[in-house]
Every structure is written in C-alpha cells, then in structure tokens.
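Residues per chain, in single letters:
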Amino acid sequence: MNQAAPKPPSLPVPEPVALEHSRQLSRHIASAIAAAHGWVPFDRYMALALYAPGLGYYSAGAAKFGKLASDGSDFVTAPELTPLFARTLARQAAEVFEASGAAHILEFGAGSGRLAADLLLELEALGRPCAQYAILELSGELRERQRATLSAAAPHLVDRVIWLDALPAAFSGLMIGNEVLDAMPVRLHVRRDGQWLERGVTVRDGSFAFVDQAGATPAALRDLAPDDGYVTESHEAAQAFVRSVAPVLARGALLLIDYGFPAREYYHPQRAQGTLMCHYRHHAHDDPFYYPGLQDITAHVEFTGIAEAGIEAGLELLGFTSQARFLLNGGLLDLVGTLDATDPLTYLPAVNGVQKLLSEAEMGELFKVIGFAKQIDGTLSGFAGGDRSHTL
Ligand SMILES: C[S@@+](CC[C@H](N)C(=O)[O-])C[C@H]1O[C@@H](n2cnc3c(N)ncnc32)[C@H](O)[C@@H]1O
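No experiment lies behind these values; they were computed from the predicted model shown.

Structural notes on the packing of aromatic side chains
Link 1 in the chain: This model, assessed by the stated rule, comprises 17 aromatic pairs.
Link 2 in the chain: Aromatic pair F42 and Y45: ring centres 5.7 Å apart, planes at 35°, arrangement tilted. Of this pair, F42 and Y45 both sit in helix 2 (residues 42-51), separated by three residues, roughly a single helical turn.
Link 3 in the chain: When its relative accessible area of 0% is taken as the criterion, F42 is described as buried.
Link 4 in the chain: Ring plane angle 70° and centroid distance 5.2 Å describe the contact between Y259 and F367, whose orientation is recorded as edge-to-face. Of this pair, Y259 sits in strand 12 (residues 249-261) while F367 sits in strand 18 (residues 367-374), placing them 108 residues apart in sequence. You'll find Y259 and F367 in the same group, each marked buried.
Link 5 in the chain: Members of the aromatic cluster, each reached through a chain of ring pairs, are F42, Y45, F208, F210 and F289.
Link 6 in the chain: Between R147 and the ring centre of W163, over which it is positioned, the NZ or CZ distance is 4.3 Å.
Link 7 in the chain: Sitting above the plane of the F261 ring, R271 keeps its charged end 4.0 Å from the centroid.

This is the structure in structure tokens:
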C-alpha cells in the first residue's frame, strides 16, 4: 500500500513509527478487501480502521482523548473537559439507583476511564455509592488505560470496577455511553441517476478509493429522493447495538449521549455531503483514508433510528433533549455555584469546560441525550424540561 498523501496539507505529519503502524493496518485492510473480491462496504472499512485487533485506531496505542494536539491527542470529550460533567450525571445515576433499587452502572466504551472515576467519586460523596461499576470496552489497550486512570483517581474504589468481555445476561441500574454510538461503523450511500448506490472501498493504484455500486437500500432512505450527488449514512451497527442491549436491561435506565439529529434533520436535503468526519490532532476533516489507524473516523448519530430500535426491542423512551438542557435540568449550574471563585487555578478551567458543554456554538445544542427505561416509574430530572421526544 502507498502511504496516503496528507490531505488537507495543513495536517501535521505523523512520526515514522506511527507511519509504519498505519502502513501495517493499511496492508491488513487491503488484504480484507482482496479477500472480498476487491470491494468492501464502508462500514467494513471503518470497523477495521477503528477496531482491527492490535492495529485499529481504538485497539492500538494512539493517545486519542485529550485537550491539546501537543499531548498527542486527537479530540476532547465531555468527561475530559471537566469533572462537572460526571458530577452532574452522578445525580442522574442516583435517581436511577433509587428507582431501580440497584446501585449498579454499566458503561459502554469508557475511553480513558475519566467518566467512571468521576462518577464513582461523586456518587460516594453524595452518599449514594455505586456498588458495582462494569465497563464493556472493545479495546484491550483502553481497558489498561481505564484501569490506570481509576487506580490513580479513585484507588479505594477500583475494586468495585469490573471489565466485561460481553454483555451480561441481565443488568439492573444505569447503563450509560458517552460518544459511543458515533464510533460505530456506518454504511455510506450516494444518490445517482435517481437511485441509491452503496459507497464502498477498493484499492486502486496502491491507495484506498471509493467505489459506488448497487446494493440494498436501507429502510431509512427508502422514502428519500434527494438531488444527484447527495451522500449520507445509515446506522445499522448503532441500531443493532441498542437492540442487543435492550433485552439485557431488567430494571433501570439507558442513557446515550452523542452528537447528532433526529431523522428529519439528519436526512435534510441540504445536508448533502453527510456527516462522516475524521479527527487527527484536533483537526477535523473528511478523508477517511488519511493514515488509517492514526485518526478517529465518526459519523453523527441519527436518533430517530436509535429511538425506534430501543422501543421495538422493549424499552420505553424516557426522553430526548439537548446536552445543555439535560445538564441544566440535572443541576450543573448549582455545582458551578459551589466552586471557589477566588481560586483561578480551579475555577477558570471549570467555567471554561462548562461553557463548552453548554454553549450552542460548541457542544450544548449539537450533542443530545436520549434516555430509555425499563420497569421503573417516573422520569429523570435531566428530562424534566425541554423534552424533544416529539421531534424523533
Ligand atoms: C469516541 S470514544 C468515547 C470514549 C468515552 N466514552 C469518552 O466520552 O471519552 C468511543 C468509545 O466507544 C468504544 N466502543 C465502540 N463501539 C463499542 C461497542 N460496541 N461496545 C462498547 N464500546 C464500544 C470505543 O472503543 C471507545 O472507547
């Protein structure tokens, strides 16, 4: 495989060791494409680029989460911005513990382990300790990082944490996933001559390239007839994930937080180039073939399909709202009010983080929270006002 030329040219060039890693993963993906007679659907390419054992972006050692490109990271997530995110969610967890009678959390895709550590600490501080915190994580490398974060931040609570290799048979308590759905592989679709084609990946002249071919049209696109050239995604893996989790929840709630839109907005005719995005050293661009294994590849979440998958699989929709609304309802500003405003070293970063979480121009409006419930009464205070379930 040729090494992909940097695109756009402003992106930083990786170190030689990283380049070699990317070459190895590229060869691995190329052989999977050859084994599939020269073409794989995009979701297969994305699954390999992110999760190929020992090589994929999430399975190997890239720094990934962090605040600055200089620390080798590619993007920042809410739990990394400020512990006030987790501290607000801890209050929602306490409500679920109360309603379900089970002080248990199951976190999907726990990243660096930051959310787990801060949730455990805050629940303890609230006098509502979490009895067991289970993490289901695809990446072995991240498991080790999570263990290190927890051991450093909450050493006396680390024995409450278990790592699962698969979903348990049954679970009661709070299931939670922050920015997990957006990391699930998507299929790509292109409108051409009044038909939907599926966009897949081939190897041409030693580089990856898109090739569009006829294929089954996903249900979400069947009633859409946008202009020629329109590109979009379908989210079979994320929906299958919700369907697989639903029967496991015996009593409690499932909260999924991520960027995205309801179907009507997602598949708007003006969103003509879809939502596929890549992150490398805090630069966002749209080339999924740029150094496979060294960059994140993601798509926005289509929440109507997520809601339908959950409801069809037996969950009750608890609510759907913006991240800003959910955190404000959940008491984020009360927590800010308890900080020591005379200590600029802690106060300013905290207020900066809160501003990013809430601002319409940053994460406040683009990010949404969808909640499902099983066998519990009432709702969560996070959905008490500004529920947008009717937009799904
Ligand atoms: C964008 S990162 C978010 C990490 C973390 N939740 C945070 O907010 O910082 C996506 C995470 O989802 C995990 N992931 C992706 N698909 C998953 C699945 N089916 N089950 C569990 N974890 C998954 C990845 O390994 C990774 O840890």
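Quick look at the site of the ligand
Link 1 in the chain: The full set close to the ligand counts 19 residues, and Y51, T77, G109, E137 and N178 are the nearest of them.
Link 2 in the chain: For the ligand, whose free accessible area comes to 600 Å², the fraction covered by protein is 95%.
Link 3 in the chain: Given that more than half its atoms are within 2 Å of the pocket grid, the ligand belongs to the largest pocket.
Link 4 in the chain: Here the shell around the ligand is composed, by residue class, of 13 nonpolar, four polar and two charged.
Link 5 in the chain: Taken together, domain 1 (18-60 + 184-235 + 268-289) and domain 2 (78-181 + 238-261 + 299-391) each give at least three residues to the shell around the ligand, which thus spans both.

Remarks on the pattern of salt bridges
Link 1 in the chain: One pass over the full model with this rule turns up 15 salt bridges.
Link 2 in the chain: Of the charged contacts in the structure, one is a salt bridge between R147 and E144, with a shortest N-O distance of 3.8 Å. Of this pair, R147 and E144 both sit in helix 6 (residues 140-153), three residues apart, which is roughly one turn of that helix.
Link 3 in the chain: R147 sits in the partly exposed class, given a relative accessible area of 37%.
Link 4 in the chain: Relative accessible area serves as the criterion here: at 47%, E144 is assigned to the partly exposed category.

Some details on the domain arrangement of the protein chain
Link 1 in the chain: Along its sequence, the protein chain is organised into domain 1 (18-60 + 184-235 + 268-289) and domain 2 (78-181 + 238-261 + 299-391).
Link 2 in the chain: Contact with domain 1, which involves twelve residues of that partner, is made by 14 residues of domain 2.
Link 3 in the chain: Interface area for domain 1 against domain 2, summed over the two sides, is near 1200 Å², with a carbon-plus-sulfur share of 62%.
Link 4 in the chain: Considering only the side of domain 1, the residues that lose the most area to domain 2 are M184, H235 and T275, jointly responsible for 53% of the buried surface there.
Link 5 in the chain: Across the domain 1-domain 2 interface, the total number found is zero salt bridges.
Link 6 in the chain: For the pair domain 1 and domain 2, the interface holds five residue pairs in polar contact (both at pLDDT 80 or more).
Link 7 in the chain: Of the residues contributing to the side of domain 1 that touches domain 2, the split by class is seven nonpolar, three polar and two charged.

Description of the sheet that holds strand 15 (residues 296-298)
Link 1 in the chain: Taken in spatial order, the three strands make up an open sheet running 14-13-15, and their pairing is antiparallel. Where the open sheet ends on each side, the last strands, each with one partner, are strand 14 (283-285) and strand 15. Between one strand axis and the next, the sheet turns by 25° as a mean value, whatever way the strands run.

Description of the pairing of strand 11 (residues 231-234)
Consecutive side chains along a regular strand alternate between the two faces of the sheet.
Link 1 in the chain: By the alternation rule, side chains of strand 11 split into V231 and E233 and T232 and S234, which are all buried.
Link 2 in the chain: As defined by bridge partners, strand 8 (residues 187-192) adjoins strand 11 across four bridges and the pair is classed as antiparallel. Its bridge partner lying in strand 11, H189 is registered against T232.

Criteria and thresholds
- Residues numbered from 1 in each chain as written.
- Predicted model: local features only at pLDDT ≥ 70, side-chain atom pairs only at ≥ 80, totals over all residues.
- Heavy atoms only, no water.
- Phe/Tyr/Trp six-rings, centres within 6.5 Å; stacked < 30°, edge-to-face > 60°.
- Helix = DSSP H or I, 4+ residues; strand = E, 2+ residues; numbered from the N terminus.
- Buried < 20%, exposed > 50% of the residue type's maximum accessible area, 1.4 Å probe, protein only.
- Lys NZ or Arg CZ within 6 Å of the ring centre and 35° of its normal.
- Near = heavy atom within 4 Å.
- Areas by Shrake-Rupley, 256 points an atom, 1.4 Å probe, with all protein chains shown as cover.
- 1 Å grid on protein atoms, 1.4 Å probe; cavity = no way out; pocket = protein on both sides within 12 Å on 5 of 7 lines; lining within 4 Å.
- Sits in = over half its atoms within 2 Å of the grid points.
- Nonpolar A, V, L, I, M, F, W, Y, C, P; charged D, E, K, R; others polar.
- Domains from an automatic or database assignment.
- Salt bridge = Lys/Arg side-chain N within 4 Å of Asp/Glu carboxyl O.
- Contact = heavy atoms within 4.5 Å.
- Buried area = accessible area lost by both parts, 1.4 Å probe.
- Polar contact = N/O pair within 3.5 Å; in protein donor to acceptor, adjacent residues only side chain to side chain.
- Pairing = 2+ DSSP bridges.
- Axes fitted to C-alpha atoms, helices over the stretch in contact; angles between N-to-C directions.

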